[in-house]
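The chain contents come next:
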Amino acid sequence: MSEIRTIGILTSGGDAPGMNAAVRAVTKSAISEGWKVFGIYRGWEGLIHGEIKEFSTEDVSNIIQRGGTILKTARSDEFRTPEGRAKAADTIRKFGIDALVVIGGNGSLSGAQELAKEQDVTVIGLPATIDNDLYGTDFTIGYDSALNTIVECVDKIRDTATSHDRIFFVEVMGRDAGFLAQNSAIAAGAEAAIIPEDETKIDQLAAYIGRGIRKSKNSSIVIVSEKDGGAMHYAERVRKEYPQYDVRVSILGHLQRGGKPSASDRILASRMGVAAIEALKEGQRNVMIGIIQDVMLNIPISKAVKMDKPLEREFINVLNTLSI
Ligand code: F6P
């Protein structure tokens, strides 16, 4: 039998569409177990400074469709120190919180792991980041929505690229991971994607130009992952090395993180939220809820944050094949 009676929930790191759906699902399923729920504002910062409110089901009504996070989020320097984490643990004890549900990406779950290790706190992680870069889950909350936002933007850029016969370098987020770049390129019918995972170490730009895309098409779109100089870097190179091309850059930036969550993200967040409470009932500690081939599972947070999640080569091949 679980000893849990009171939980705290926080969202941390970059916001991701679907975080609210996750907060709602965790709150409702905990309350239906008869547990007390504390909403913790501004992530680790709010935990350190005791920015906490008891949640009822009313606090999470009418939020499943909203982007961002009603709990707000922050990137906390203080929490990166052992002293900061000790203060966070004091708040947890003061409010009688038996377990913490942390909704966030790699950095947030690494923080959760440290807190669990140093302060003997029970933590459950929900993977929420547009980057989709956590090991142990096929999808993270927010990734599908951001992907759809990017595709919508690239469709629009395509109109002007075609009208002017231009090459567009479109920069997308993803930090060190190329999931957003690679899969938005496939979905938007882009001519190429430049991603950090392309291990072949060939000059991706030269390969793209070498494929002679401009011989058969008058315009093209290259999606560039934000890492290593991003779109500006490649646009500058083309301007210098291939002055015959008319080049433009579009950096999509934070609009990729905003907007309503897609139906898939709402469903994923709801399933993961319910699974988080199930995991606590089973006595699980310090695990992240993941989804692999549509099956929910618990994976040690230590593994989820340390191991690399590879981007399947097949996706790269699909884009290359279809971009002739
Ligand atoms: O991790 C999510 C993410 O949006 C990354 O894709 C991006 O590199 C980073 O956060 C941007 O962070 P910030 O909002 O702090 O500028």
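Residues numbered from 1 in each chain as written. Predicted model: local features only at pLDDT ≥ 70, side-chain atom pairs only at ≥ 80, totals over all residues. Heavy atoms only, no water.

Trainee: Help me get a handle on the sheet that holds strand β6 (residues 167-172), residues and values and all.
Mentor: Hydrogen bonding along the main chain pairs the strands of a sheet, whether they run parallel or antiparallel. The 4 strands lie next to each other as β7-β8-β6-β9, forming an open sheet whose pairing is parallel. Where the open sheet ends on each side, the last strands, each with one partner, are β7 (192-194) and β9 (247-251). Direction aside, neighbouring strands of the sheet carry axes that sit 20° apart on average. The pairing of β6 with strand β8 (residues 220-225) spans 6 bridges and is parallel. Paired with Ile 167 across the bridge in β8 is Ser 220. Where helix α5 (residues 143-164) meets the sheet, it contacts β6, β8 and β9, and its direction lies at approximately 165° from that of β6. (Pairing = 2+ DSSP bridges. Helix = DSSP H or I, 4+ residues; strand = E, 2+ residues; numbered from the N terminus. Axes fitted to C-alpha atoms, helices over the stretch in contact; angles between N-to-C directions. Contact = heavy atoms within 4.5 Å.)

Trainee: Explain the domain arrangement of the protein residue by residue, including any values.
Mentor: What the domain assignment lists for the protein is domain 1 (6-142 + 261-306) and domain 2 (145-257). Using only C-alpha atoms to locate each centre, domain 1 and domain 2 end up separated by 34 Å. Between domain 1 and domain 2, the residue contacts involve 12 residues of the former and 11 residues of the latter. Between domain 1 and domain 2, the buried area comes to about 970 Å², and carbon and sulfur atoms account for 48% of it. The largest share of the area that domain 1 buries against domain 2 comes from Asp 15, Ile 130 and Asp 131, three residues that together contribute 51% of it. Applying the counting rule to domain 1 against domain 2 returns 2 salt bridges. (Domains from an automatic or database assignment. Buried area = accessible area lost by both parts, 1.4 Å probe. Salt bridge = Lys/Arg side-chain N within 4 Å of Asp/Glu carboxyl O.)

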